[in-house]
Amino acid sequence: MNALLKWLFKIPRLARLLETHQKNEAYLELAFLAYQNSSEAIAVVSAQHTIVAVNPAFEKITGYAESELIGKQTQILNSGHTSPAFYELLWEEISTTGSWRGEMRIKRKNGEDFPAWSAVTAVKDERGEVSLYIVQSMDFSEKKDAENMLWRQANYDSLTGLPNGRLCREWFRHEMLDCLYSGTRLALIGIDLDNFRDVNDAHGYEGGNVLLREAARRISGCIRDIDIAAREAADEFGIILTEIIDVHQVQTTARQLQTLLSEPYDLGSGIVHITASMGITICPDDGADEETLWRNAEHALYTAKEAGKNQVRFFTPAMEALARRRLFLINDMRKAIALQQFELVYQPIAELSSGEIHKAESLLRWHHPTDGIILPAEFIPIAEETGMIIALSNWSFEQVAVQVADWQKRFYPEFQISFNMSAMEFLTDPENSQDRVALMRENGIHGRGIVVEITESMLLQSEVNVNDRLQDFHQAGMEIALDDFGTGYSSLSYLKTFDVDYLKIDQSFVMDMENDSRNMALIEAIIVMGHKLGMKIIAEGVSNEAQMKLLAEAGCDYGQGYLFSEPVSRDQFERLLQEKKPAKKM
Ligand code: C2E
Ligand code: CA
Ligand code: CA
């Protein structure tokens, strides 16, 4: 205000008025000047709500000339988009409190609306009766535009231009209510790009971004105008298909998406291929509340991933039961190590030429207090997913290291125990090979007694230098076995690249080798090839004499399976060794 006064002082007449102490007059002039020059739209309204005067800003903002407004009721400015109840409440508040402040919409002469920040003040006469109202309004549209931009930033993904997860949820809520009221159906599809991380690793973030933008474009192009596609997270998308008449329609869209997304992507730095996994839930068939349906889609997506990726899965109640079981196990697993609920059992590995047992594989069992024995097939994936595999594996390794030293002393100096190592350990804790070697050294245990079993998928990991890790083990005297051979990528070049001591032929080949000549031929080929590369061969899942005989004849070195023994406790295994009963004579 000071600056304004200084400026006004330059106007000679005003200055004179102020100097001669004719302040009232001066202030009146000032008020009028302010009224005339204000950027705020000001209207003077009678007690009966007719417009008495408006300032030039009011004319400019509304597009009306003063003469067109004087004598008119204020309704002329009411927006058609605002309910009459709003204005009723507004006048009611003014009559009780004397003023009102807030956002209202005002109609311009050309019929369009604009948002205005307004203040309405009642002016009372000497008797306390309302004589006039002063309405001050500021055009808010530009600020609204800025607000809209902020809103866009908060609700849209800047990379792909798709709505983000937040907005998708909000729309889903509306669509779901719509669908429930109208008796139609809707589908929620969760999409996750498989192995997207590899793209980022190989082509950098820029490459990854190009792929995501293109994927978003393909997804948007595959749905109707009434459907919604959103980017939920880094490589996750969500789709809401509305007004579904036939569930087959959802299946068709999902298949189309799968095909489209798996087409090659040109990233500039190279062409890449990627697949997508999808989980689908239908409202109201699978649920009628927001949380349930999102969870369903997640469960279905998880199942699709677990099934080997590049899959589409519809939600089933069984998935929910599985997910509940998963949560239950995750929760209990946290304390299971401390509560000593894990046990290692041992399965003999017999030398086929002599029937002698100088090796065993250690296998985990979880003795759950209420659910009995839980097998690794169920808890290892959960341990991997939650990172608990590290603690669990460290625990197992210590047990095995101590156990093998003991058995070497008591039974056979060259005794070996195989230890299963999870791919996840390699990824998240690549240094652990060194820790383990150190642990053995501290306990005076020689590595010779331990065979580390790894799977082919581990050899594929680009993030860690697998050969270095394997070398750590070798340097400590340990040996390496390639587990489940024949089920993974089975790229023969791996066998050449990596230093492996044993090949374990997967039990699926052994299972009916005596009846299936093709499996028999494969086994024979693996044995010859392994031997040529200087490896020893172990056949898994040997369950009858016929298999054992055929394997021995084919030159297989070792056999493991129910024929010799199931995995047994430490005590039972010791009894087995004490009996010195060479598993089975040939
Ligand atoms: P794997 O390493 O291939 O272990 C062999 C599995 O085959 C064991 O199942 C064993 O009980 C089973 N088996 C042995 N002989 C026969 C047979 O004659 N017929 C049939 N049908 N099966 C037989 P298990 O103990 O349930 O373990 C399953 C998988 O869990 C293991 O497969 C391994 O990948 C994993 N696992 C087990 N213990 C550990 C562990 O301590 N750490 C890690 N990372 N994984 C483990
Ligand atoms: Ca194994
Ligand atoms: Ca195996």
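The text that follows walks through the structure, step by step, so that each part is easy to find. Everything quoted here is computed from the prediction, not taken from an experiment. (Residues numbered from 1 in each chain as written. Chains lettered and ligands numbered in written order. Predicted model: local features only at pLDDT ≥ 70, side-chain atom pairs only at ≥ 80, totals over all residues. Heavy atoms only, no water.)

**Some remarks on the overall build of the protein chain**
Here is step 1 of the chain: In terms of helices and strands, the protein chain carries 23 helices and 21 strands.
Here is step 2 of the chain: A compact globule built from 586 residues would reach a C-alpha radius of gyration of about 25 Å, whereas the protein chain, at 39 Å, exceeds it by more than 25%.
Here is step 3 of the chain: Viewed in the frame of its principal axes, the protein chain has a C-alpha envelope of about 125 × 60 × 55 Å.
Here is step 4 of the chain: In the protein chain, which comprises 586 residues, the share counted as buried stands at 45%.
Here is step 5 of the chain: Of the contacts formed within the protein chain by residues at least 6 apart in sequence, a portion of 60% connects residues at least 24 apart.
Here is step 6 of the chain: Total accessible area on the protein chain is roughly 30200 Å²; 52% of this is exposed by carbon and sulfur atoms.
Here is step 7 of the chain: Positive and negative side-chain charges of the protein chain, numbering 57 and 87 respectively, have mean locations separated by a distance of 3 Å. (Helix = DSSP H or I, 4+ residues; strand = E, 2+ residues; numbered from the N terminus. Rg over C-alpha atoms; globule rule 2.2 N^0.38 Å. Buried < 20%, exposed > 50% of the residue type's maximum accessible area, 1.4 Å probe, protein only. Contact = heavy atoms within 4.5 Å. Areas by Shrake-Rupley, 256 points an atom, 1.4 Å probe, with all protein chains shown as cover. Lys, Arg positive; Asp, Glu negative; His and termini not counted. Charge placed at Lys NZ, Arg CZ, Asp CG, Glu CD.)

**Re the nonpolar core**
Generally speaking, a soluble globular protein has its nonpolar side chains buried in company with each other.
Here is step 1 of the chain: Core analysis: the largest hydrophobic core is formed by 77 residues, its most contacted members being Ile450, Ile454, Met478, Leu503, Leu551 and Phe573.
Here is step 2 of the chain: Ranked by residues supplied to this core, first place goes to helix H14 (residues 389-410) with nine residues.
Here is step 3 of the chain: If we ignore the near neighbours within four places in the chain, the residues touching Ile450 are Phe397, Val400, Ala401, Val404, Ile417, Phe419, Met440, Met478 and Glu479. (Core = buried A, V, L, I, M, F, W, Y, C linked by side-chain atoms within 4.5 Å.)

**Comments concerning the coordination of the calcium ion (ligand 3)**
Here is step 1 of the chain: The calcium ion (ligand 3) binds to the protein through Asp483 (OD), Asp484 (OD), Glu540 (OE) and Glu540 (OE); the donor distances cover 2.1 to 2.5 Å.
Here is step 2 of the chain: Here the calcium ion (ligand 3) and the calcium ion (ligand 2) are spaced 4.0 Å apart, linked through Asp483, which binds each one. Taken together, the residues Asp483 in strand S18 (residues 479-485) and Glu540 in the loop between strand S20 (536-539) and helix H22 (545-553) connect sequence positions 57 residues apart.
Here is step 3 of the chain: Exposure remark for Glu540: the relative accessible area of 8% places this residue in the buried category. (Donors = N, O, S within 2.8 Å, 3.2 Å for Na, K, Ca; no water.)

**A look at the site of ligand 1**
Here is step 1 of the chain: Neighbouring residues of ligand 1: 18 residues in total, closest Gln347, Arg365, Asp483, Gln507 and Tyr562.
Here is step 2 of the chain: A distance of 3.1 Å separates an oxygen atom of ligand 1 from a polar atom in the side chain of Glu361.
Here is step 3 of the chain: Interatomic distance of 3.2 Å between a side-chain N/O atom of Asp484 and an oxygen atom of ligand 1.
Here is step 4 of the chain: Isolated, ligand 1 exposes 800 Å² of accessible area, and the fraction of that covered by the protein chains is 80%.
Here is step 5 of the chain: At the level of elements, strand S14 (357-368), helix H13 (376-386) and S18 are the ones that each hand at least two residues to the shell around ligand 1.
Here is step 6 of the chain: Ranked by the residues each element gives to the shell around ligand 1, the list is headed by S14, at four residues.
Here is step 7 of the chain: A per-class count over the shell around ligand 1 returns seven nonpolar, six polar and five charged. (Near = heavy atom within 4 Å. Polar contact = N/O pair within 3.5 Å; in protein donor to acceptor, adjacent residues only side chain to side chain. Nonpolar A, V, L, I, M, F, W, Y, C, P; charged D, E, K, R; others polar.)

**Quick notes on the side chain of Thr242**
Here is step 1 of the chain: Mapping Thr242 onto the fold places it in strand S8 (residues 236-244).
Here is step 2 of the chain: The contacts of Thr242, once residues within four sequence positions are left out, are Glu175, Arg185, Leu186, Arg224, Ile226 and Asp227.

**Considering helix H6 (residues 84-97)**
Here is step 1 of the chain: Helix length check: H6, at 14 residues, gives a terminal C-alpha distance of 20 Å against a target of 20 Å (1.5 Å per residue), a fit within 8%.
Here is step 2 of the chain: Regarding H6, the residues found buried are Tyr87, Leu90 and Ile94. Buried residues of H6, seen end-on, are gathered within an arc of 55 degrees and therefore sit on one face of the element. Residues of H6 that are exposed and point over 90 degrees away from its buried face: Pro84, Glu88, Leu89, Glu92, Ser95, Thr96 and Thr97.
Here is step 3 of the chain: Looking at the packing, one finds that the buried side of H6 touches strand S3 (99-107), strand S4 (113-124) and strand S5 (130-139).
Here is step 4 of the chain: After H6 finishes, the residue Gly98 shows a positive phi value of roughly 95 degrees. (Expected span 1.5 Å × (residues − 1). Arc of directions from axis to C-beta.)

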